[in-house]
Amino acid sequence: MRVRRHQAEVHESTTGIDLAPMLDFVTNLLIFFIITAVFVKEVSLEVTRPTGEMKQDKDDNPENAAIPISVLMDGTIWVDNREVDVRAVRANVERLHAVRPKAGVLIVADQNAPTGTVVEVIDAARLADVYNITFTTGQ
Amino acid sequence: MRSQRHAPESEDHGIDLAPMLDFMTNLLIFFIITTSFVKEAGITVSKQAAMTPEGREHGNIMIAVTESGELWMDRQRVDFRRIRSMVERLAVERPDDSVVILADKASKAGVVARVMDEVKIGGISEVYIAADDASGGE
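Just so you know, the residues in each chain are numbered from 1, in the order the chain's sequence is written. Here chains are named by letter from A upward and ligands by number from 1 upward, in the order in which they appear as written. Totals for whole chains, interfaces and linings use all residues, but because this is a predicted model, local features are given only for residues with pLDDT of at least 70 and pairs of side-chain atoms are given and counted only at 80 or more.

Draft legend 1. Representation of the overall build of chain B in the model. Strands are runs of DSSP state E lasting at least 2 residues, helices are runs of H or I lasting at least 4, and numbering of each runs from the N terminus. Broken down by element type, chain B carries four helices and eight strands. Reading chain B from its N terminus to its C terminus gives the helix and strand order α-α-β-β-β-β-β-α-β-α-β-β.

Draft legend 2. Fine view of the overall build of chain A. Across its full length, chain A holds five helices and six strands. Counting helices and strands in the order they occur from the N terminus, chain A gives α-α-β-α-β-β-β-α-β-α-β. Within chain A, contacts between residues at least 6 apart in sequence are counted, and of these 75% link residues at least 24 apart. With C-beta atoms placed from the backbone, a contact is any residue pair whose C-beta atoms sit within 7 Å.

Draft legend 3. Molecular detail of the confidence of the model for chain A. Each residue gets a pLDDT score, which is the predictor's confidence in that residue and runs from 0 to 100. Averaged over all residues, the pLDDT of chain A is 79; the fraction at 70 or higher stands at 76%. In the model of chain A, helix 1 (residues 5-10) of chain A stands out as the element of lowest mean pLDDT, 49, in contrast to strand 3 (residues 77-79) of chain A, which has the highest, 92.

Draft legend 4. Representation of the interface of chain B and chain A in the model. Tallying the contact residues gives 47 residues for chain B and 44 residues for chain A. Looking at the side of chain B that touches chain A, the elements that each hand over two or more residues are helix 1 (6-9), helix 2 (18-34), strand 2 (54-55), strand 3 (59-65), strand 6 (98-103), helix 4 (109-121) and strand 7 (127-130) of chain B. Take the side of chain B that touches chain A: its biggest share by element is eight residues, from helix 2 of chain B. In this classification, Asp, Glu, Lys and Arg are treated as charged, Ala, Val, Leu, Ile, Met, Phe, Trp, Tyr, Cys and Pro as nonpolar, and every other residue, Gly included, as polar. Here the side of chain B that touches chain A is composed, by residue class, of 24 nonpolar, 12 polar and 11 charged. In this description, strands pair whenever DSSP reports at least two bridges between them. Relative to strand 2 of chain B, strand 1 (residues 43-46) of chain A is paired through two bridges, and the arrangement is antiparallel. In the strand pairing of strand 2 of chain B, A:Val43 is matched with B:Gly55.

Draft legend 5. Just unusual backbone geometry, in detail. Even without glycine at this site, A:Asp80 takes up a positive phi of about 55 degrees. For A:Asp80, the position within the fold is in the loop between strand 3 and strand 4 (82-84). Positive phi, normally seen in glycine, also occurs at B:Arg75, with a value near 65 degrees. Mapped onto the secondary structure, B:Arg75 falls in the loop between strand 4 (71-73) and strand 5 (76-78).

Draft legend 6. Layout of the nonpolar core. Core membership is restricted to buried Ala, Val, Leu, Ile, Met, Phe, Trp, Tyr and Cys residues, and these are joined into a nonpolar core through C-beta atoms within 7 Å. Here a residue counts as buried when 20 or more other C-beta atoms sit within 10 Å of its C-beta, as exposed when there are 12 or fewer, and as partly exposed otherwise, the C-beta atoms being derived from the backbone. If you look at the biggest cluster of nonpolar residues, it comprises 59 residues, and the most contacted ones within it are A:Ile107, B:Ile63, B:Ile101 and B:Leu102. Per element, the largest residue contribution to this core is seven residues, and it comes from helix 4 of chain B. Look past the residues within four positions of B:Ile101 in its chain and what remains in contact with it is B:Ile63, B:Val65, B:Val112, B:Val115, B:Met116, B:Val127, B:Tyr128, B:Ile129 and B:Ala130.

Draft legend 7. Molecular detail of the packing of helix 4 (residues 89-99) of chain A against helix 5 (residues 115-127) of chain A. All names here are of chain A. Between N-to-C directions, angles span 0 to 180 degrees; the directions come from axes that are lines fitted to C-alpha atoms, helices contributing only their stretch in contact. One can describe the packing of helix 4 onto helix 5 by two numbers: an axis separation of 8 Å at closest approach and a directional angle of 45 degrees. Our classification of the angle between helix 4 and helix 5 gives oblique. Helix-helix and strand crossings are classified by hand; for helix 4 and helix 5 the assignment is right-handed. Contact residues: helix 4 offers Val 89, Arg 90 and Val 93, while helix 5 offers Val 121, Ala 124, Ala 125 and Leu 127. For the contact of helix 4 with helix 5, a count of residues per class yields six nonpolar, no polar and one charged. What sets the label is the angle itself: under 35 degrees gives roughly parallel, over 145 gives roughly antiparallel, 65 to 115 gives roughly perpendicular, and the rest give oblique. With the far helix as reference, a near helix turned anticlockwise by less than a right angle produces a left-handed crossing, and one turned clockwise produces a right-handed crossing.

Draft legend 8. Here's a closer look at the environment of B:Trp72. All names here are of chain B. Within the element layout of this structure, Trp 72 appears in strand 4. A count of 20 C-beta atoms within 10 Å places Trp 72 in the buried class. Trp 72 sits 51 residues away from Leu 21 along the chain, and the two C-alpha atoms are 42 Å apart. Each residue touching Trp 72, except ones within four places of it in the same chain, is listed here: Ala 41, Gly 42, Ile 43, Ala 64, Arg 77 and Val 78.

Draft legend 9. Up close: the confidence of the model for chain B. All names here are of chain B. Confidence in the prediction for chain B averages 80 pLDDT; 83% of positions are at 70 or higher. For residues 1-5, every residue scores under 50 in pLDDT, and the model assigns this stretch four contacts once sequence neighbours within four places are set aside. Taken together, the chains of this predicted complex give a pTM of 0.71 and an interface ipTM of 0.71.

Draft legend 10. How the structure looks around helix 5 of chain A. With 13 residues, helix 5 of chain A extends 18 Å between its outermost C-alpha atoms, agreeing within 8% with the 18 Å of an ideal straight helix rising 1.5 Å per residue. Within the span of helix 5 of chain A, buried status applies to A:Thr115, A:Gly116, A:Thr117, A:Val118, A:Val119, A:Glu120, A:Val121, A:Ile122, A:Asp123, A:Ala124, A:Ala125 and A:Arg126. A helix is expected to span 1.5 Å for every residue after the first.

Draft legend 11. Quick look at the sheet that holds strand 3 of chain A. Residue and element names in this part refer to chain A. Pairing within the open sheet is mixed, and its five strands lie in the order 4-3-2-5-6. At either end of the open sheet lies a strand with only one pairing partner, and these are strand 4 and strand 6 (133-137). Direction aside, neighbouring strands of the sheet carry axes that sit 30 degrees apart on average. Inspection of the sheet shows strand 2 (residues 67-71) paired to strand 3 by three bridges, in the antiparallel sense. Considered in strand 3, the bridge of Val 71 is made with Ile 77. Contacts between helix 4 and the sheet are confined to strand 2, strand 3, strand 4 and strand 5 (105-109), with strand 2 contributing the most and set at about 160 degrees to the helix. In this fold helix 5 packs onto strand 2, strand 3, strand 5 and strand 6, with an angle of close to 170 degrees to the strand it touches most, strand 5.

Here it is in structure tokens:
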């Protein structure tokens, strides 16, 4: 494709297409995408839901049985059959994690337990370097 | 026959815009590709603060669970059953999306667990729970 010769002779200064409007448009698009790109930034914690396979693993291998943490309706936390404070969850998980390094954490929450407490427990487990966290609710 | 004449003439223009245009087009494409098309929940909840939350590139379907157990998704109040069909539709459009649940700290764990199950049945297995970053920018 080349510029028609006659037109080129008439408009001597133009070189084919005028890029300015396109450039304006592209700049606007660019600014739009830059602005919207940083709009929503949620930080979050990874959790999994229990699946059928996990149950089998657990039965087969008691060494790797998950560390159970219960969250009751009133927000109290039980680790290893003892009631613990939110701030003590991390230490407890660290201790149990040292015994069973491959074990994940299983959070068993009451249906009516506050989610905030559950998130605090997840956070404590992550601080104790356990990232395999499963969340389930008592039926 | 030839349009060789253009070469000397184009020097009249002050700046050659072509490289700048190339560069800007690249930037534009980069931002279009990296933009995650976030489906906002459309409601603000007070989340639990946590020390270890991570930002995620693909966390872009937001489902909010309010204190009273209302569910919000894509700027509208939804029902449990609606979550499944909405997630199914979005999972078909963009299969590597993940879901972030914005749960109020006083919401019930049972509701959050049920939402997670609905999302899983809907075909997205990556589910995260949102938290406020309390680590002080570490």
